[in-house]
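# An overview of the molecular structure
Listed below, chain by chain, are the residues.
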Amino acid sequence: MAGILAWFWNERFWLPHNVTWADLKNTEEATFPQAEDLYLAFPLAFCMLMVRLIFERFVAKPCAIALNIQANGPQIAQPNAILEKVFTAITKHPDEKRLEGLSKQLDWDVRSIQRWFRQRRNQEKPSTLKRFCESMWKFSYGLYIFTYGIRFLKKTPWLWNTRHCWYNYPYQPLTPDLHYYYILELSFYWSLMFSQFTDIKRKDFGVMFLHHLVAILLITFSYVNNMARVGTLILCLHDSADALLEAAKMANYAKFQKICDLLFVMFAMVFITTRLGIFPLWVLNTTLFESWEIVGPYPSWWVFNLLLLVIQGLNCFWSYLIVKIACKAISKGKVSKDDRSDIESSSDEEDSEPPGKNPHTATTTNGTSGTNGYLLTGACAIDD
């Protein structure tokens, strides 16, 4: 184990040339980031999850109820032991052959069986109340951390001149405010990693998992090798649009459509400006070129910048979705469905029709597709 740790913490990888870990030990004159500081993020992440549970139950839920947001979920499927057994033990999406077999076994028409499976799948999806509470928690945290970041950074020289991120690097003292900012952000992303498996599942689960993982690696790497100054710029920049997104979602769930549309436009403008404009031209410029000029490259420098390029790739992906949603809304002149929602489409007429035994029902039912309960704007299609 000692050999593995010595290999992992190799100074030639983590630090610039002619710099050792001994040079960055804490002294009476200065405090520097220490790798063991990051262990604090795990108990804090657990505490954050507990605070979230309390917040959602005693703050967000009463607010949702005051806005007439009910806990009603999708329509409950009619109890059926045979179909339930197929759903739980075999498949949630039966193919045509299995549907025909079930139709003969139950003496139901295929359309009714398809509807039952759709309702049963939707039955496991979260209610609007749960969605509102989740968004309100993320909104509250996003607003707080962005406000804190702005108040902290406006007092620092590297906000106004990014070359200060690299002057006298890595011998840059760690201040209590910077330490608090970093540990709180890391704790939040760890809490998201834990809660992502119990939160509302969306189609971009893999992309969001990658985003959280890269964010944790970036925060950890930049803290260990004391790139914390430029790290604060990255964190604050990426926090800038989060509160607007969650506010737009909350307005949508509360059916304040005009407010939702306005907030989404504001979110889209801030997101695209910061992620496709300021981030590459300001942050990537200093991490790639100014740091090369002042400090010079070394192994962890390459890893750090590679992770930043992955983040930029995700920024381009989400910006594409935002533009796509905006173009669709403009062209159709109406609200678009949540591109990430797992609530499946079905017409109101179809869902209200009880399962029947008439094999000709499918030919008399209107087949027009609508939306099952959740008409969501583009604000719900992106979640950073």
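Residues numbered from 1 in each chain as written. Predicted model: local features only at pLDDT ≥ 70, side-chain atom pairs only at ≥ 80, totals over all residues. Heavy atoms only, no water.

## Structural notes on the overall build of the protein chain
Heads up, the rule is: The numbering of helices and of strands both runs from the N terminus, where a helix is a DSSP run of H or I of at least 4 residues and a strand a run of E of at least 2. Relative accessible area decides the class of each residue, using a 1.4 Å probe on protein chains only: under 20% of the type maximum gives buried, over 50% gives exposed, and in between gives partly exposed. By definition, residues are in contact when any of their heavy atoms lie within 4.5 Å. Accessible surface is estimated by sampling points in the Shrake-Rupley manner with a 1.4 Å probe; for residues, cover comes only from the protein chains shown.
Across its full length, the protein chain carries 16 helices and 0 strands. Per-residue burial for the protein chain yields a buried fraction of 49% across its 384 residues. Taking the intrachain contacts of the protein chain between residues at least 6 apart in sequence as the baseline, contacts between residues at least 24 apart amount to 82%. For the protein chain, the exposed area adds up to about 19300 Å²; of that, 64% sits on carbon and sulfur atoms.

## Quick look at the packing of aromatic side chains
Note the following rule: Between rings of Phe, Tyr and Trp, where Trp is taken as its six-membered ring, a pair exists when centres lie within 6.5 Å; planes separated by under 30 degrees are stacked, by over 60 edge-to-face, and by other angles tilted.
In total, this model carries 27 aromatic pairs according to the counting rule given. When the centroid spacing of 6.4 Å and the interplanar angle of 85° are considered together, the rings of F87 and W116 count as edge-to-face. With F87 in helix α4 (residues 81-89) and W116 in helix α6 (residues 110-123), this residue pair connects regions lying 29 residues apart in the sequence. Looking at F87, the relative accessible area reads 2%, which means it is buried. Using a relative accessible area of 2% as the deciding quantity, one classes W116 as buried. Plain terms: the ring middles of Y148 and Y180 are 5.1 Å apart, the flat faces sit at 65° to each other, and that makes the pair edge-to-face. Here Y180 lies in helix α9 (residues 176-195) and Y148 lies in helix α7 (residues 128-153), a separation of 32 residues in the sequence. Y148 sits in the buried class, given a relative accessible area of 18%. Among the aromatic residues, ring-to-ring pairing joins F8, W9, F13, W14, W21 and F221 into one connected group.

## Description of the pattern of salt bridges
Cut-off, in case you're wondering: The salt bridge criterion pairs a side-chain nitrogen of Lys or Arg with a carboxyl oxygen of Asp or Glu, the two atoms within 4 Å.
The full count for this structure, using the stated rule, is 6 salt bridges. Between K138 and E134 there is a salt bridge; the shortest N-O distance is 3.3 Å. Pair noted here: K138 and E134 are both in helix α7, with a separation of 4 residues, about one helical turn. Residue classification places K138 among the buried residues on the basis of a relative accessible area of 14%. Between E293 and R163 there is a salt bridge; the shortest N-O distance is 3.0 Å. With a gap of 130 residues between them, E293 in helix α13 (residues 257-294) and R163 in the loop between α8 (157-160) and α9 connect regions that are remote in the sequence. A relative accessible area of 57% places E293 in the exposed class.

## Focus on the nonpolar core
In summary, soluble globular proteins display a tendency toward joint burial of nonpolar side chains. For clarity, the cut-off: The criterion is simple. A nonpolar core is a set of buried Ala, Val, Leu, Ile, Met, Phe, Trp, Tyr and Cys residues joined through side-chain atoms within 4.5 Å.
If you look at the biggest cluster of nonpolar residues, it comprises 66 residues, and the most contacted ones within it are M227 and F279. When contributions to this core are tallied by element, the ones reaching two or more residues are α3 (41-66), α7, α9, α10 (205-224), α11 (228-239), α12 (242-253), α13 and α14 (299-332). Apart from residues lying up to four places away in sequence, F279 is in contact with I234, L237, H238, T274, L284, L308, I311, Q312 and N315. Grouped together as the second largest cluster of nonpolar side chains are 18 residues, A248, L263, F267 and W318 included.

## Structural notes on the packing of α3 against α9
Using the following cut-off: Here an angle of 0 to 180 degrees is reported between the N-to-C directions of two axes, which are lines fitted to C-alpha atoms, with helices fitted over the stretch in contact. Two helices that cross are described as forming a left-handed crossing if the nearer one is turned anticlockwise from the farther one by less than a right angle, and a right-handed crossing if clockwise. Three classes are used: nonpolar for Ala, Val, Leu, Ile, Met, Phe, Trp, Tyr, Cys and Pro, charged for Asp, Glu, Lys and Arg, and polar for all others, with Gly counted as polar.
Put simply, α3 and α9 touch, their axes get as near as 8 Å, and they point 65° apart. The way α3 lies across α9 gives a crossing that is right-handed. Facing α3, whose interface residues are A41, F42, L44, A45, M48, L49 and R52, α9 presents I183, L184, L186, S187, F188, W190, S191, F194 and S195. Tallied by class, the residues present in the contact of α3 with α9 amount to 12 nonpolar, 3 polar and 1 charged.

## Some details on the environment of A251
Mapping A251 onto the fold places it in helix α12. Considered as a pair, A251 and F132 are 119 residues apart in the sequence and their alpha carbons are 9.0 Å apart. Discounting chain neighbours no more than four positions away, the residues touching A251 are F256, I259, C260 and L263.

## Looking at the confidence of the model for the protein chain
Quick reminder of the rule: The pLDDT value tells you how sure the predictor is about a given residue, anywhere from 0 up to 100.
For the protein chain, the average pLDDT comes to 84, and 84% of its residues sit at 70 or higher. Predicted confidence for residues 334-384 stays below pLDDT 50, and this span has 142 contacts to residues more than four positions away or in other chains.

## Some thoughts on α12
The condition that has to hold: Helix span is expected to be 1.5 Å times the residue number reduced by one.
End to end, α12 covers 17 Å across 12 residues, agreeing with the expected 16 Å (1.5 Å per residue, within 8%). In terms of burial, α12 is largely enclosed, as 12 of its 12 residues are buried. Within the span of α12, buried status applies to D242, A243, L244, L245, E246, A247, A248, K249, M250, A251, N252 and Y253. Looking at the buried side of α12, the elements it contacts are α7, α11 and α13. Following α12 by one or two positions, K255 adopts a phi angle in the positive range, close to 65°.

## What about the environment of E246?
Take E246: it is sitting in helix α12. Residues E246 and F267 lie 21 residues apart in sequence; the distance between their C-alpha atoms is 9.4 Å.

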